[in-house]
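Residues per chain, in single letters:
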Protein chains: 2
Amino acid sequence: MDKMVLKGDIVFTSVKDRLDIFEDSYLIVENGKVVKISKVLEESYKGYPLKDYSKKLIIPGFVDLHLHAPQYPNRGLGLDKELIPWLETYTFPEEEKYDDLEYSRKVFTRLINELWSLGTTRSVVFASVHKESTKLLLELFLESGLGAYVGKVNMDRNTKKELKEDTNKSILDTEEIIKEYKDKSNLVKPIITPRFVPTCSEGLLEALGNLALRYEVPVQSHLNENTSEVVWVKELFPNSKNYASVYDDYNLFGQTKTIMAHCIYNTDDEIELMAENGVYAAHCPYSNYNLSSGIMPVRKFLDMGVPVGLASDISGGNSLSMMSIIAATIQASKMKWLDTNKELAPLTFSEGFYLATKGGGSFFGKVGSFEEGYDFDALIIDDSSLADIKELTIEERLQKFIYIGDDRNIVNRYVEGREIEKPF
Amino acid sequence: MDKMVLKGDIVFTSVKDRLDIFEDSYLIVENGKVVKISKVLEESYKGYPLKDYSKKLIIPGFVDLHLHAPQYPNRGLGLDKELIPWLETYTFPEEEKYDDLEYSRKVFTRLINELWSLGTTRSVVFASVHKESTKLLLELFLESGLGAYVGKVNMDRNTKKELKEDTNKSILDTEEIIKEYKDKSNLVKPIITPRFVPTCSEGLLEALGNLALRYEVPVQSHLNENTSEVVWVKELFPNSKNYASVYDDYNLFGQTKTIMAHCIYNTDDEIELMAENGVYAAHCPYSNYNLSSGIMPVRKFLDMGVPVGLASDISGGNSLSMMSIIAATIQASKMKWLDTNKELAPLTFSEGFYLATKGGGSFFGKVGSFEEGYDFDALIIDDSSLADIKELTIEERLQKFIYIGDDRNIVNRYVEGREIEKPF
C-alpha cells in the first residue's frame, strides 16, 4: 500500500461558504486518497514516510473546466475583436495547423508544462478536429501524470472548409478515440466535444448523443456566450425551445455528465434545465471580458443548484493561472452585483476558491478537497516571499497567494498522491 | 555629454490610436533624452556606446498614477469588503504603523523593489499622515533612481483618532516637506495630498490650496469612487455644486497640476470641469473591481478631453503590474461598452498601452514616449519565452507581453537615460 504523511498548514473548502483550515497539522494519504487530517500524528501513522512542509500551505490542486489546447499559441493575441470575427481571423487559422503532429507536439508539451507550473492538476480540454493530434494530446497528458478529459472537436458545417469535417468521418473518428481511451486510464479520458450548435448538423448532434449514451462518455460544449451566437442558434433551430434544449434534444445535456462553457445569456428555463440535468457551467471570466461577451451571473446558477467550476478558456481567455481566474471571478461577480441593483450578492473569497477546486473537481469524482476518500491532488505553496512583512493568518496567506502570487510560489504538485515533476 | 545608442525592436505610442513600431532600429539618446530613431545608424552616432538589444522589445517605462505606499503589506487582503468598511478594518489600522521608521523602511524598500521589478519607472504615491515616514519614502525613491511624486496624506477629521491630525500641524508638516523636497531633484518631488473630501476640514482644504499655489506644487486626491462616498460628500458640503467643485473651490483642482483617482461616478459637469482645468483622471480598474466600486467610463473622459492615466491603487488594487492593469483596463472598457448599449466604444490595445505610458507620463512632463526630446525612460523586454512557437509581428509580441508576460520578461530598466539596478 502506498502511504505517506504530509505536514503543513492545510486549507481547503468542503463547502463553499468557509475555508477549512488546519494549522500545522498532519494529512494522511493511503493509495492516493486522503485518509484524515489531525493536529497530532497518531501512533499508527508514525511509520509512514513524512513530507515536512511546515510553514507552507497545502491546498487542493486547481481544476480548469474549459480550455482549447490548440489555441495555446494565440494567448493574448487579437483581443480587440468579438467572438465571431475573432474565431475567423485568429482561431480557425491556428486550429488548421493540427494536422501536423510535430507542431501539435511542440504546442501541447508547452501547454502541459504550463498547466503543471501553475498547479492545474486537472483540466477539461478541447483539442481540434484532428484525430491523430487529439490522440497525441491524450498520450502527452498520460505521460505527464496530470488529469484531463480531452475531446476531439466535431464540426461539419459553418466553419472554414479546411476545418469542416465529413459528418460520417467525424463520428467514426470520435468513436475510434472513445474506444481506444475510454478505459485506458483513470486520470486521462476522452470527452465528446461538439464545438457548439452552429458548427454541427442535426445528424452529427444525433450521432454524438448516441455515442455518449452507448459508451457512457461525458460531453462538453459552449452555451450562450454571445448575443449574436444566441440569435444564430435560434435561426438554425427555430423549433427548439431554446439554445440549451438543442443539446438536450440530442442527449448532449446531462444524459451523461456534461460541461457547458460560458452560460452568460441563459434564460431561467435554461438554468433550471441545467440544475435538473446536473449540467456543469464552466465560468470563464477572462474570456468573457476579452471577447466582450459579458459577465455570467454565477450567483444565480449557484442559488438555483447548478454545479459550477472555473476555466481559463484560452485563448479567448489570456491566462492559464487559476489563481488569477479566482480573483477575476470574484471581481466580475462584484460588477454583476452592481449591475443587478445589488440583487446577486458578490462571490466571497472562499466561494471563488471552492469553485476552482471542489466545484470543478467534482466533475472528476472525489477531487478538489481533502475530505476523507478524496483523491490527493495537492499543491505545496511557499508563500514566504508574499508574507514577509507582517504576521498573517492562514486565511490571509491564502488570499495573498491567490491575489498576488504566481507559479513561483508553487513548489510541489501531487495528483492522486503521486508527486508530479515537470513533464517535458 | 552622456550619449548612447540602443538597438532593438522599438515600440511606443505617440498618439493613442496606433503603435509606432521601428523594427530592428537604432534609438539615439543624449543627456537622458531621445534624439531620434532610425533604421540605419547614421555616421555621426557610430562613436556612441552601443547597447545591442537585437530581437528584444524596447518600450517606454510604465507610469502608475496612483498608489498607496503604506498599504503595500495589505495587497490581496480583505477584499470581501466595500470601500468604507475596508478602510476602517484594513487600511487605517495598517497606516497607523508608519510612525515607526523601521517598519516604514521595511515596507518601502520592498515596494520600490517591486515597482522596479515590474518596470514602473514613474509613480505618484500617497504616503501616510506621518511626516518623517513620508520623508523617508522620498529619500528611498531618490536613492532608487526611479521617478515619483510622493505626498504626505492630510486628514483632520472623520478618521480613527490615531490618524487624525491637528489641522495646523498637518499644514506645517506639509509645508516643511514641500520646502525641503520641491527643488531637490527632477525625478522625485512632493505632491499635496488631501486624502479625500470627507477627511479634510474646510480650513485644511483652504490651507492646502494656498500651499499649492504659493509653492506651485501639484495635487492628488480621490474623486467619485463609490456611491456612498458621493452621498457623504454631498452631506458634508451641501452648498457645493458637486464633489469636484469642492476641490475646485479650494484651488485643489487643476490650479496646479492635479490627479484625481477613480472618477467612476462623475457627472458630465464634473468631467467638463476636469477637461477645462486639465485635471488628470487616474483609472484604477482592479481597485474598482475589488471594492465593488464600479467601472469608470474611460472612453467618455477621453472623448471629452480629460487627460487619463492608469494606476494600481494598491491595496484597493491587488496588483502593481501595469501590464495586468493595461489588460484589465481594456477588459473593463468592454464591459462598459455592453453596459452602455454599445455607446462607449471599448478601448483598443494601443489605447491601453498609451494610457500606461504617455497618458500618465505626461503628468511628469515629456515622459512615456520615444518622440524627440522625451526623457528616455525605457524597458527592455526579452519575450523569447512567450513567442517561441510561431512567428509573431512586433505588435503581437507586445500584446503577448502585456497579456501574459510578467517581471521575468523585463531584463533592463532605464530612467532619464540611466540604467537602474535593483534598488534595495
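Residues numbered from 1 in each chain as written. Chains lettered and ligands numbered in written order. Predicted model: local features only at pLDDT ≥ 70, side-chain atom pairs only at ≥ 80, totals over all residues. Heavy atoms only, no water.

### Description of the relation of the copies chain A and chain B
Thought 1: The transformation that overlays chain A on chain B combines an axial shift of 0.0 Å with a rotation of 180°, and the residual RMSD is 0.0 Å. Look at the turn and shift together and you get a two-fold axis relating the two. The C-alpha atom lying nearest the rotation axis in chain A is that of Asp339 of chain A; the distance is 4.2 Å.
Thought 2: Here 100% of the interface residues in chain A have copies in chain B that are interface residues too; the copies meet face to matching face. (Least-squares fit on C-alpha atoms with pLDDT ≥ 70 in both. Contact = heavy atoms within 4.5 Å.)

### Section: the side chain of Asp406 of chain A
Thought 1: Residue position: Asp406 of chain A is located in the loop between helix 13 (394-404) and strand 16 (410-415).
Thought 2: Reaching out from Asp406 of chain A, the side chain makes a polar contact with the side chain of Arg408 of chain A at a distance of 2.7 Å.
Thought 3: Not counting residues up to four positions away in its chain, the partners in contact with Asp406 of chain A are Met323 and Phe401 of chain A together with Asp406 and Arg408 of chain B. (Helix = DSSP H or I, 4+ residues; strand = E, 2+ residues; numbered from the N terminus. Polar contact = N/O pair within 3.5 Å; in protein donor to acceptor, adjacent residues only side chain to side chain.)

### Here we look at the interface of chain A and chain B
Thought 1: The interface of chain A with chain B comprises 49 residues on the first partner and 49 residues on the second.
Thought 2: Buried surface at the junction of chain A and chain B, both sides included, amounts to about 4,100 Å², of which 50% is carbon and sulfur.
Thought 3: Where chain A meets chain B, there are 8 salt bridges.
Thought 4: When the shortest N-O distance is used, the salt bridge between Asp407 of chain B and Arg408 of chain A registers 2.8 Å. (Buried area = accessible area lost by both parts, 1.4 Å probe. Salt bridge = Lys/Arg side-chain N within 4 Å of Asp/Glu carboxyl O.)

### Some thoughts on the domain arrangement of chain A
Residue and element names in this part refer to chain A.
Thought 1: What the domain assignment lists for chain A is domain 1 (3-60 + 368-419) and domain 2 (62-364).
Thought 2: Here domain 1 and domain 2 have C-alpha centroids that lie 29 Å from each other.
Thought 3: Contact residues are listed per partner, giving 31 residues for domain 1 and 26 residues for domain 2.
Thought 4: Taken together, both faces of the contact between domain 1 and domain 2 bury some 2,400 Å²; the carbon and sulfur share is 64%.
Thought 5: There are 4 salt bridges connecting domain 1 and domain 2.
Thought 6: Taken together, the connections running from domain 1 to domain 2 amount to 11 residue pairs in polar contact (both at pLDDT 80 or more).
Thought 7: Mapped onto the side of domain 1 that touches domain 2, the elements with two or more residues apiece are strand 1 (3-15), strand 2 (18-30), strand 4 (50-60), helix 13 and strand 16.
Thought 8: Per element, the largest residue contribution to the side of domain 1 that touches domain 2 is 5 residues, and it comes from helix 13. (Domains from an automatic or database assignment.)

### Quick look at the environment of Lys81 of chain A
Residues and elements named next belong to chain A.
Thought 1: Following the sequence through the fold, Lys81 ends up in the loop between strand 5 (62-68) and helix 1 (83-95).
Thought 2: What makes Lys81 partly exposed here is its relative accessible area of 32%.
Thought 3: Apart from the residues lying within four places of it in its own chain, the contact partners of Lys81 are Trp86, Thr89, Tyr90, Asn290 and Leu291. (Buried < 20%, exposed > 50% of the residue type's maximum accessible area, 1.4 Å probe, protein only.)

### So, the packing of aromatic side chains
Residues and elements named next belong to chain A.
Thought 1: With the rule as written, the count across this model stands at 33 aromatic pairs over all chains.
Thought 2: Taken together through their ring pairs, the aromatic side chains of Phe12, Phe22, Phe370, Phe376 and Tyr414 make up a single cluster.
Thought 3: Above the plane of the ring of Trp116 lies Arg413, whose end atom (NZ or CZ) is 3.8 Å from the centre. (Phe/Tyr/Trp six-rings, centres within 6.5 Å; stacked < 30°, edge-to-face > 60°. Lys NZ or Arg CZ within 6 Å of the ring centre and 35° of its normal.)

### Brief notes about the pattern of salt bridges
When charged atoms on two side chains of opposite charge get close, those side chains can pair.
Thought 1: Considering all chains together, one arrives at 71 salt bridges over all chains under this definition.
Thought 2: We note a salt bridge from Lys169 of chain A to Asp173 of chain A, for which the minimum N-O separation is 2.7 Å. Of the two residues, Lys169 of chain A and Asp173 of chain A both sit in helix 4 (residues 167-181), 4 residues apart, roughly one turn of that helix.
Thought 3: On the accessibility criterion, Lys169 of chain A (47% relative accessible area) is partly exposed.
Thought 4: Put simply, Lys131, Glu132, Lys135, Lys169, Asp173, Glu176 and Glu180 of chain B are held in one network by salt bridges that share partners.

### Section: the sheet that holds strand 14 (residues 308-310) of chain B
All names here are of chain B.
Thought 1: Strand order in the open sheet made by the 4 strands is 11-12-13-14, with parallel pairing throughout. Two strands close off the open sheet at either side, each with one partner strand: strand 11 (219-223) and strand 14. Recorded for the sheet is a direction-independent mean angle of 30° between the axes of neighbouring strands.
Thought 2: In terms of strand pairing, strand 11 meets strand 12 (residues 258-262) through 5 bridges, oriented parallel. (Pairing = 2+ DSSP bridges. Axes fitted to C-alpha atoms, helices over the stretch in contact; angles between N-to-C directions.)

### Comments concerning helix 3 (residues 131-144) of chain B
Residue and element names in this part refer to chain B.
Thought 1: Between its first and last C-alpha, helix 3 extends 20 Å over 14 residues, near the 20 Å set by a 1.5 Å rise per residue.
Thought 2: Of all 14 residues making up helix 3, 10 are buried, and the element is well covered by its neighbours.
Thought 3: Listed as buried for helix 3 are Lys131, Ser133, Thr134, Lys135, Leu136, Leu137, Leu138, Leu140, Phe141 and Ser144.
Thought 4: In this fold, the buried residues of helix 3 make contact with helix 2 (101-117), strand 6 (120-126), strand 7 (147-151), helix 4 (167-181) and strand 9 (188-190).
Thought 5: Positive phi shows up at Gly145, right after helix 3, with a value of about 90°. (Expected span 1.5 Å × (residues − 1).)

### Some remarks on the pairing of strand 16 of chain A
Each regular strand shows side chains that alternate between the opposite faces of the sheet.
All names here are of chain A.
Thought 1: The buried count for strand 16 comes to 5 of 6 residues, which makes it a mostly enclosed element.
Thought 2: Relative to strand 16, strand 15 (residues 378-381) runs antiparallel, the two being bridged by 4 bridges. Across the sheet, Leu379 pairs through a bridge with Arg413, a residue of strand 16.
Thought 3: The antiparallel pairing of strand 16 with strand 17 (residues 418-419) creates a hairpin that spans 2 residues between the two strands, and Glu416 there sits at a positive phi of about 45°.

### Examining the packing of helix 3 of chain B against helix 4 of chain B
All names here are of chain B.
Thought 1: Where helix 3 meets helix 4, the axes come as close as 10 Å, and the angle between the chain directions of the two elements is 20°. One way to sum up the angle between helix 3 and helix 4 is to call them roughly parallel. Between helix 3 and helix 4 lies a crossing whose hand is right-handed. Across the interface between the two elements, Lys131, Thr134, Lys135, Leu138, Glu139 and Leu142 of helix 3 pack against Asp173, Glu176, Ile177, Glu180 and Tyr181 of helix 4.
Thought 2: Residue composition of the contact of helix 3 with helix 4, by class: 4 nonpolar, 1 polar and 6 charged. (Parallel < 35°, antiparallel > 145°, perpendicular 65-115°, else oblique. Left-handed = near helix turned anticlockwise from the far one by under 90°. Nonpolar A, V, L, I, M, F, W, Y, C, P; charged D, E, K, R; others polar.)

### Things to note about helix 4 of chain B
Residues and elements named next belong to chain B.
Thought 1: With 15 residues, helix 4 extends 22 Å between its outermost C-alpha atoms, agreeing within 8% with the 21 Å of an ideal straight helix rising 1.5 Å per residue.
Thought 2: The inward-facing, buried residues of helix 4 contact helix 3, strand 8 (153-154), strand 9 and helix 5 (202-215).
Thought 3: If you check the start of helix 4, you find a side-chain oxygen 3.2 Å away from the backbone N of Asn168, and it comes from Asp166.

### Considerations on the packing of helix 2 (residues 101-117) of chain A against helix 3 (residues 131-144) of chain A
All names here are of chain A.
Thought 1: The contact between helix 2 and helix 3 brings their axes to 10 Å, and the two run at 35°. When the axes of helix 2 and helix 3 are compared, the crossing they make is right-handed. For the pair helix 2 and helix 3, contact is made by Leu101, Ser104, Arg105, Phe108, Thr109, Ile112 and Leu115 and by Glu132, Ser133, Leu136, Leu137, Leu140, Phe141 and Ser144, respectively.
Thought 2: Partitioning the contact of helix 2 with helix 3 into residue classes produces 8 nonpolar, 4 polar and 2 charged.

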